[in-house]
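Notes for the structure review
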Amino acid sequence: MSASLNTATATTVATAQDPACAEPLAVLGRDVTVPLVTGGEVTYAALDYAASAPALQRVWDDVAAYAPYYGSVHRGAGYLSQLSTDLFEQSRATVAEFLDCRPGDQVVFTRSTTDSLNLLAAALPADCQVFVFETEHHASLLPWTHAQVTYLNAPRTPAEAVATLERALADREPYGPALVCVTGASNVTGELWPVKELAAAAHAHGARIVLDAAQLAPHHPVSVRDLDVDWVAFSGHKLYAPFGSGVLAGRADWLQEAEPYLAGGGASRKVSRREDGGVDVEWHTTAARHEAGSPNVIGVYSIASACRALTEAGFDTLVAREQQLVTRVREGLAEVPAVRVLSLFGDDAPRVGVISFVVDGWNSSHFAAALSAEYGIGVRDGLFCAHPLVRTLLGSEPQAQGECGAPEAAPGERSLNAIRVSFGAGTPDEHVERFVRAVKELVTDGAKWQYRTEEGRCVPAV
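Here is a short report on the structure shown in this document. (Residues numbered from 1 in each chain as written. Predicted model: local features only at pLDDT ≥ 70, side-chain atom pairs only at ≥ 80, totals over all residues. Heavy atoms only, no water.)

What about the side chain of Arg 434?
Operational definition: The way it works is that DSSP assigns letters per residue, a run of H or I at least four long becomes a helix, a run of E at least two long becomes a strand, and they are numbered from the N terminus. The definition of a polar contact used here is a pair of N or O atoms within 3.5 Å, where within protein one atom must be able to donate a hydrogen and the other to accept one, and adjacent residues in sequence count solely through side-chain atom pairs. We call two residues in contact when some of their heavy atoms are within 4.5 Å.
The topology assignment puts Arg 434 in helix H13 (residues 429–445). Engagement of the side chain of Arg 434 in a polar contact is seen with the backbone oxygen of Gly 376, the distance being 3.5 Å. In contact with Arg 434, other than residues within four places in its own chain, are Val 42, Thr 43, Ala 45, Tyr 375, Gly 376 and Ile 377.

Structural data, given as structure tokens:
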């Protein structure tokens, strides 16, 4: 039975070498229709992949095939428990292969990227210094509260990023354990960061590095070995597997030496009473040390399924097709003078399918609401859990006060927010074309409907 769970449920995926001939991967929700305020219905265009990508049909089918055989893992004697344990550990091996991990690396299953980085933060050795750019998502900006943290200013070129890190590491005192945390692809601009060069700089100065691959892994192959990072973290819900699991993979030593992230069953190898009434605990030294409680077997299996599906589809084909979509969106936005695309590294910087922008004369919440209500297009607006970065990029941009959906600002501050469109392996060409057309029409003709603010968001007026 375990073999059948890994085979016949796969949906056929595109393997054409020409991206113009490649079809998007099948995802759930591709046929969902939504009502428009102007009347009628339209197929929903999900262009918010950077927040949560839809589930791959392949993942859903694999999970559905396994669900009747679900059982507790690692300690059950029954057939379903044994099958589930095999599936769980096979999934660990699949993820390690997907990330091209080194011999001896551990794959720890968590709830999300945020959970993974908080786990690593809890495992830092004493007196560890952390270096992180202000451009990070809050998941990688904020977990280091118990360490000495140096926040680095936003660089304007990849070379500046490397030079900034090298100076900071060289100047650190005392010269002890250090960790660099960096994103692989920005969740705001989509721009790729020079991870391999940053890893080389970190190691040259006796530091380690963790890669936040939440936005990179769904769009590009990630090789722990080639990038030479010490750890990598990502979330299933951005990798077309939205079932509540994430991954922290990499070097085992700091994780083995740290207290368990959660204390409880599964993390403990042996527990005994002491004569004084307390308990002595011997903790596991494997990945189980940080996986206390009953594991999310379905979430873990879904990540492994997504890893297999993306690998089988071929990242060369997926990347090439996505770059065509990126080019179409960027060229379309460039035709609208009122639109300014946000960027750290400039127009020529390589990027994934994540693009943020502002529109002159529009509050971003109002614009996003009109895209949804009048065109059936789902995007995101706001600061994208990367407040320092977005404020840096918008620092000189005036924003209308009191407009529909304008977020509240502190006295003396401007109201700042942006619009983000994001897409990936499951995005049809039509969704991108509709988005470009809608932006042009809204800027040229204005909204067709009236909107009002309700609980801080812009919504159609009834």
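What follows continues from the structure just given.
Digging into the packing of aromatic side chains
Heads up, the rule is: Each pair of aromatic rings taken from Phe, Tyr and Trp, with Trp reduced to its six-membered ring, is defined by centres within 6.5 Å and is described as stacked if the planes are under 30 degrees apart, edge-to-face if over 60, and tilted in the remaining cases. Burial status follows relative accessibility: with a 1.4 Å probe on protein chains alone, a residue under 20% of its type maximum counts as buried, one over 50% as exposed, and anything between as partly exposed.
Across all of its chains, the model carries 12 aromatic pairs by this definition. Geometrically, the ring pair formed by Tyr 66 and Tyr 70 is edge-to-face, given 6.4 Å between the ring centres and 75° between the ring planes. Given a relative accessible area of 0%, Tyr 66 falls into the buried group. A residue is classified by how much of its surface remains accessible, and Tyr 70, at 43% relative accessible area, is partly exposed. Here the aromatic rings of Phe 98 and Phe 315 are separated by 6.2 Å at their centres, their planes lie at 40°, and the arrangement is tilted.

Observations regarding the environment of Pro 174
Of note, Pro 174 is situated in the loop between helix H5 (158–170) and strand S7 (178–183). Judged by relative accessible area, Pro 174 falls into the exposed class, the value being 59%. Taking the C-alpha atoms as reference points, Pro 174 and Gln 129, separated by 45 residues in sequence, lie 9.1 Å from one another.

Observations concerning a nonpolar patch on the surface
Basically, it comes down to this: Nonpolar side chains (Val, Leu, Ile, Met, Phe, Trp, Tyr) are joined into patches within 5 Å and like charges within 9 Å, using only residues with over 30% relative accessible area and no salt bridge. Note on areas: these come from Shrake-Rupley sampling with a 1.4 Å probe, and a residue is covered only by the protein chains present in the view. By definition, a salt bridge exists where a carboxyl oxygen of Asp or Glu is found within 4 Å of a side-chain nitrogen of Lys or Arg.
There is a patch of nonpolar side chains on the surface, built from Val 271, Val 279 and Val 281 and spanning about 220 Å² of accessible area. Locating Val 271 in the fold gives a position in strand S11 (residues 268–273).

A look at the environment of Ala 46
Its location among the elements puts Ala 46 in strand S3 (residues 45–46). Classification of Ala 46 as partly exposed rests on a relative accessible area of 28%. For the pair formed by Ala 46 and Gly 446, sequence separation is 400 residues and the distance between their alpha carbons is 22 Å. Residues within four places of Ala 46 in sequence aside, it is in contact with Gly 378, Ser 422 and His 431.

Quick notes on the state of the cysteines
The condition is simple: Only a pair of cysteine sulfur atoms within 2.5 Å counts as a disulfide in this structure description.
Taken as a whole and assessed by the stated rule, the structure comprises zero disulfides. Between Cys 128, a free cysteine, and Cys 181, which holds the nearest cysteine sulfur, the sulfur-to-sulfur gap is 11 Å. For Cys 128, a relative accessible area of 4% gives the class buried.

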